[in-house]
Amino acid sequence: MNDDTLYQIALMTCKGMSCKLYRKLVEHYGSAKAIFDADIADVAAVTGGRARNAVACIAAKESISKAESEIRFAERNGIAILEFRDKEYPQRLNQEGCEDTPPLLFYKGRANLNRKCCVAIVGTRKATPYGQAETRRLVEQLRAIDDLLILSGLAYGIDTLAHENATENNIENVGVLGHGLSTLYPPENRRLARRMVDSCGGLLTEYVSDTPISRNQFPARNRIIAAMSDATIVVEAAERGGALITAQMAAGYHRDVFAIAGRNEDAYSAGCNNLIATGQAHMLRNVEDLTTWMGWKLKEGQPKIGVMSEGGLFEEQTPEEQQITELLRKESVMTLDEIVEKSNISLPKIAVTLLGLELKKRIICLAGKKYKLI
């Protein structure tokens, strides 16, 4: 921490202080300490007279003792305090159009916040088996991308799956929190958070340590995820929810948005399907869609990620999948009984294989339990 850190925290925690005003004042005076040392009438003039509470707080220096306590907490817990002018601060948040992003962040972890490629993975808190499978496949393939960081919100559902699978695949990943670092929500993710911090990940927040959990803070948290990411991928989402808010914010920051399509009748694919249908997101069939669009490179020596000829996601077909795919190619549409009759596969295995092909979007189930290639 530098000598100005105390005053940076004190300034940011002043009542009435906004992210934009913080940046304006610091850029005008050169340091946070200089603001507290300046003539208060001059500070008021710089604000344009529209931030009386913040100016009064600066004059009274009432937030400095709180800042001292915060520094002690950070030192005890190995937390880095990053201001927008620091090289370790995520520089994407300094890009044009991101003036509302937090100029001060609290970070615990080992991941590099300025990797060349940064992807957000978001989705419903009520992940279905389809969403769970897609998240696993997505993350497994993302590890082929060179210099990558994955972001998510460490919430229930898709967020948790993204962090778990990224950590298992040794991909740097950071959970952006909507509260201070003295607690963790949801509490069930404490062990996961510890694994992230101890291995290749981290925890990031704009809130001081004792900031309590509040539902109102999670949408604000989403703007950090959106602005820090080059691409936001919505894996599974209903018609409304935090994942769609993040996608909208990402578009507002001129970031690319991708979505994984699902079946029309699936409630938790409705949001993704709508993003694609309305042109708000690129459809993500496989990770090569992402790397091609973004112009990203794979790690040296990494085999090229293939595009599946049958439209499936991420992995080669099993022998059973190949056999059923060939049958459907010849017959166009087949009932379950017809597939059983013309294959040498047991009914239980056929049922599992058909479900797998549906999840991979290689086939579609029509009315009357009839199956057809997509």
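Residues numbered from 1 in each chain as written. Predicted model: local features only at pLDDT ≥ 70, side-chain atom pairs only at ≥ 80, totals over all residues. Heavy atoms only, no water.

By size, the foremost hydrophobic cluster in this structure holds 77 residues, and its most contacted members are Leu-11, Met-17, Leu-25, Ile-58, Leu-203 and Val-234. Setting aside its immediate chain neighbours within four residues, Ile-58 contacts Leu-11, Cys-14, Met-17, Leu-25, Ile-35, Phe-36, Ile-40 and Val-43. In terms of nonpolar packing, the next biggest core, distinct from the first, is built from 27 residues, Cys-117, Ile-121, Leu-138 and Leu-284 among them. (Core = buried A, V, L, I, M, F, W, Y, C linked by side-chain atoms within 4.5 Å. Buried < 20%, exposed > 50% of the residue type's maximum accessible area, 1.4 Å probe, protein only. Contact = heavy atoms within 4.5 Å.)

Taken together, nine strands build an open sheet; the order of strands is β1-β2-β6-β5-β4-β3-β7-β8-β9 and the sheet is mixed. The open sheet terminates on both sides in strands that have one partner only, identified here as β1 (80-83) and β9 (282-283). Sheet topology places strand β3 (residues 117-122) next to strand β7 (residues 231-234); four bridges connect them, and they run parallel. Opposite Val-122, over in β7, you have Val-234 as the bridge partner. This element, helix α10 (residues 217-228), spans β2 (104-109), β3, β4 (148-152), β5 (173-176), β6 (201-205) and β7 of the sheet and lies at about 160° to β4. Sitting on the sheet, helix α13 (residues 287-294) is in contact with β3, β7, β8 (256-259) and β9, with an inclination near 165° to β8. (Pairing = 2+ DSSP bridges. Helix = DSSP H or I, 4+ residues; strand = E, 2+ residues; numbered from the N terminus. Axes fitted to C-alpha atoms, helices over the stretch in contact; angles between N-to-C directions.)

Our focus in this paragraph is the pattern of salt bridges. Applying the stated criterion across every chain, the model contains 15 salt bridges. Here Asp-37 ties to Lys-33 by a salt bridge, and the two come within 2.7 Å at their closest N and O atoms. Of this pair, Asp-37 and Lys-33 both sit in helix α3 (residues 32-37), four residues apart, which is roughly one turn of that helix. Lys-33 gets classed as partly exposed once you look at its relative accessible area, which sits at 36%. Here Asp-210 ties to Lys-66 by a salt bridge, and the two come within 2.7 Å at their closest N and O atoms. (Salt bridge = Lys/Arg side-chain N within 4 Å of Asp/Glu carboxyl O.)

Reading across the sheet, the three strands line up as β10-β12-β11 and stay open at both edges, with antiparallel pairing between neighbours. A single partner strand is all that each edge strand has here, and the edge strands are β10 (333-335) and β11 (363-366). Averaged over all pairs of adjacent strands, the angle between strand axes in this sheet comes to 30°, irrespective of strand direction. The pairing of β11 with strand β12 (residues 370-373) spans four bridges and is antiparallel. Note on β12: the bridge partner recorded for Leu-366 is Lys-370. The strands touched by helix α16 (residues 347-359) within the sheet are β11 and β12, with β11 carrying the most contacts at an inclination of about 110°.

By themselves, these figures tell us nothing about what the structure is for.
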